[in-house]
Amino acid sequence: MFDIKWIRDNPDAFDAGRRSRGLEPLSAALLSLDDRRKAAILRLQVVQERRNAAAKEIGQAMGRKDAETAERLKAEVAGLKAETPALEAEERDASAALDAALIEIPNLPHADVPAGADEHDNVEIHRAGQKPGFPDGFAPREHDAIGEALGLMDFESAAKMSGARFVVLRGALARLHRALGQYMIDMHVDRHGFEEVDPPVLVRDAAMVGTAQLPKFRDDQFRAGEDHWLIPTAEVPLTNLARERVIDEAELPLRFTALTHSFRKEAGSAGRDTRGMIRQHQFAKVEMVSITTPETSDAEHERMTRAAEDVLEGLGLHYRRMLLCTGDMGFASRRTFDLEVWLPGQNTFREISSCSVCGDFQARRMEARYRPAGAKGPRFVHTLNGSGVAVGRALVAVLENYQQTDGTVAIPEVLRPYMGGLDRIVPAKGRG
């Protein structure tokens, strides 16, 4: 969320940032709303000041035994008092209109984000790892075909109980899914210094507004009763741990990680990934969140992205890092790196992690601040979030990259301790 004072001081920079996202300039309209708000505040202040002054004059008139003046002033005060509720309502309405406009505005991109319209304008930063080698004549299968052939990935049963975009994993495949999540969370805690958190997956409106899921993306979320939402990502509860706090600078950065289920409607993705596990309503994800100072947030962004890359490198997966262009980055982001993993069954790279720095955009919505050493007043923190990584998509990548010609799936070495020493998954008896 933006500070209207900053927009007033930097209207050209604000509009230029919007243009880079393919949006129309908005500073003039916002400043007009702010002028309306300021005028309403001024009118209310003038009335309140006159009421206070008239009240003193009444006392003075009565002290002089000037009853006529006292009565005239009392009538004036009564009139001003009657006028006040309408002026207060006018000020509330003007402030609400400005806030409603500001909360719908996406973050402005960092200066180093490339201009572009969509994913085709994203910029590759680097690649790591190698594509798997398969024997000549062997056509790698996609993950859903592998899972169903193993008899351990059941979309039909999931559809009967929950509808489309759900899956039932069984046996060794369910254990592999769990192993991936445990491996990731252990890595982020033990190697990268994140604090593990077990947060609620039900949150109130304010938490969703704080991280910018609401109000813009209301239709993408699952409502749970009258007072709660199912989280679309653990970014929501983890970032809100800094909500309405003033944190000592010495405590920063705060680094949190969590393995949770997440829930997201895919209504806007009709026709895309209707099969398989790439795009589901319920999915497991390891999330990373950092709360930092403005001076360290760019370095923290690189650190967070490297932590996600470490997961993929540990699993022996080929991937590339992409810098998203202005037209493809998320609503709250200033800069986003996507990690895309190679899927041989699809013969393409697919996104498996997004790591974003949001500046103070979310912090302003949450009133999350810190107290710099030696400074007079608090400042807004910077927030970052990243997938470390999406567990279901990691399962997809392992299945496609480690599939064997005999129909089995080799288990990456780093996951074998989590699998009780199992080194491969074979078709389930009676279901393969």
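Calculation criteria
Residues numbered from 1 in each chain as written. Predicted model: local features only at pLDDT ≥ 70, side-chain atom pairs only at ≥ 80, totals over all residues. Heavy atoms only, no water. UniProt positions renumbered as here; feature names shortened; annotations may be inferred. Helix = DSSP H or I, 4+ residues; strand = E, 2+ residues; numbered from the N terminus. Rg over C-alpha atoms; globule rule 2.2 N^0.38 Å. Buried < 20%, exposed > 50% of the residue type's maximum accessible area, 1.4 Å probe, protein only. Contact = heavy atoms within 4.5 Å. Lys, Arg positive; Asp, Glu negative; His and termini not counted. Charge placed at Lys NZ, Arg CZ, Asp CG, Glu CD. Pairing = 2+ DSSP bridges. Axes fitted to C-alpha atoms, helices over the stretch in contact; angles between N-to-C directions. Polar contact = N/O pair within 3.5 Å; in protein donor to acceptor, adjacent residues only side chain to side chain. Core = buried A, V, L, I, M, F, W, Y, C linked by side-chain atoms within 4.5 Å. Phe/Tyr/Trp six-rings, centres within 6.5 Å; stacked < 30°, edge-to-face > 60°. Lys NZ or Arg CZ within 6 Å of the ring centre and 35° of its normal.

As annotated in an unreviewed UniProt entry, the chain carries the name Serine--tRNA ligase and comes from Lichenibacterium ramalinae. Looking at the Subunit (unreviewed entry) heading of the UniProt record, one finds this comment for the chain: "Homodimer. The tRNA molecule binds across the dimer." The UniProt entry for the chain carries the following text under Function (unreviewed entry): "Catalyzes the attachment of serine to tRNA(Ser). Is also able to aminoacylate tRNA(Sec) with serine, to form the misacylated tRNA L-seryl-tRNA(Sec), which will be further converted into selenocysteinyl-tRNA(Sec)."

Caption draft 1: Fine view of the overall build of the chain. Across its full length, the chain holds twelve helices and 18 strands. Over its C-alpha atoms the chain spans a radius of gyration of 28 Å, topping by over 25% the 22 Å that the globule rule assigns to 432 residues. Structurally, the chain occupies a C-alpha span of about 110 × 45 × 40 Å along its principal axes. Looking at the 432 residues of the chain, the share that counts as buried comes to 48%. The contacts in the chain between residues at least 6 apart in sequence include a share of 72% that link residues at least 24 apart. Positive and negative side-chain charges of the chain, numbering 58 and 66 respectively, have mean locations separated by a distance of 3 Å.

Caption draft 2: Spatial organisation of the pairing of strand β13 (residues 348–357). Among the ten residues that make up β13, seven are buried, leaving the element largely enclosed by the rest of the structure. For strand β12 (residues 335–343) and β13, the ladder comprises nine bridges, and the chain directions are antiparallel. Opposite E340, over in β13, you have E351 as the bridge partner. Connecting β12 to the antiparallel partner β13 that follows it, the hairpin turn spans four residues, and N347 within it adopts a positive phi of roughly 60°. Relative to strand β16 (residues 382–390), β13 runs antiparallel, the two sharing three bridges. Residue pairing across strands places C355 opposite G386, the latter belonging to β16.

Caption draft 3: Layout of the sheet that holds strand β4 (residues 195–196). As summarised here, the arrangement of the eight strands in space is β1-β11-β12-β13-β16-β10-β9-β4, forming an open sheet in which the pairing is mixed. Strands with a single pairing partner mark the edges of an open sheet, and in this sheet they are β1 (123–128) and β4. Helix α7 (residues 171–190) rests against β4, β9 (254–263), β10 (282–292) and β16 of the sheet, and its axis sits at about 165° to β9. Along the sheet face, helix α10 (residues 297–314) touches β1, β9, β10, β11 (319–323), β12, β13 and β16 and points at about 5° away from the line of β16.

Caption draft 4: Seen up close, the UniProt feature "binding site: L-serine" (unreviewed entry) in the chain. According to UniProt, the feature "binding site: L-serine" (unreviewed entry) maps to T233, A234, E235, R264, E287, N385 and S387 in the numbering used here. If we ignore the near neighbours within four places in the chain, the residues touching E287 are T233, A234, E235, L238, F256, T257, A258, N385, G386, S387 and G388. A polar contact is formed between the side chain of E287 and the side chain of T233, at a distance of 3.4 Å. Assignment of secondary structure puts S387 in strand β16. Setting aside anything within four residues of it in sequence, one finds S387 in contact with K285, V286, E287, M288, A308, I352, S353, S354 and C355.

Caption draft 5: Summary view of the environment of K429. If you trace the backbone, K429 turns up in the segment after β18 (424–425). The spatial distance from the C-alpha of K429 to the C-alpha of G151 is 8.2 Å, given a sequence separation of 278 residues.

Caption draft 6: How the structure looks around the sheet that holds strand β6 (residues 222–224). The three strands are arranged β5-β7-β6 in an open sheet whose pairing can be described as antiparallel. Each having just a single partner strand, β5 (202–203) and β6 make up the two edges of the open sheet.

Caption draft 7: Molecular detail of the nonpolar core. Within the largest apolar cluster, 51 residues are counted, with the highest numbers of intra-cluster contacts made by L173, L176, L180, M184, V389 and I425. If sequence neighbours within four positions are ignored, L173 has contacts with G147, L152, M153, L395, L399 and I425.

Caption draft 8: Molecular detail of the packing of aromatic side chains. Summed over all chains, the structure comprises eight aromatic pairs. Plain terms: the ring middles of F2 and F361 are 5.9 Å apart, the flat faces sit at 75° to each other, and that makes the pair edge-to-face. On the criterion of sequence distance, the pair formed by F2 in the segment before α1 (4–9) and F361 in helix α11 (residues 361–366) is long-range, its members being 359 residues apart. Both residues of the pair, F2 and F361, belong to the buried class. Consider the rings of W342 and F349, whose centres lie 5.2 Å apart with planes at 70°: the pair is edge-to-face. Judged by relative accessible area, which is 8%, W342 ranks as buried. Linked through ring pairs, F2, W6, F14, F217, F331 and F361 together constitute an aromatic cluster. Across from the ring centre of F337, 4.7 Å away, lies the NZ or CZ of R321, which sits over that ring.

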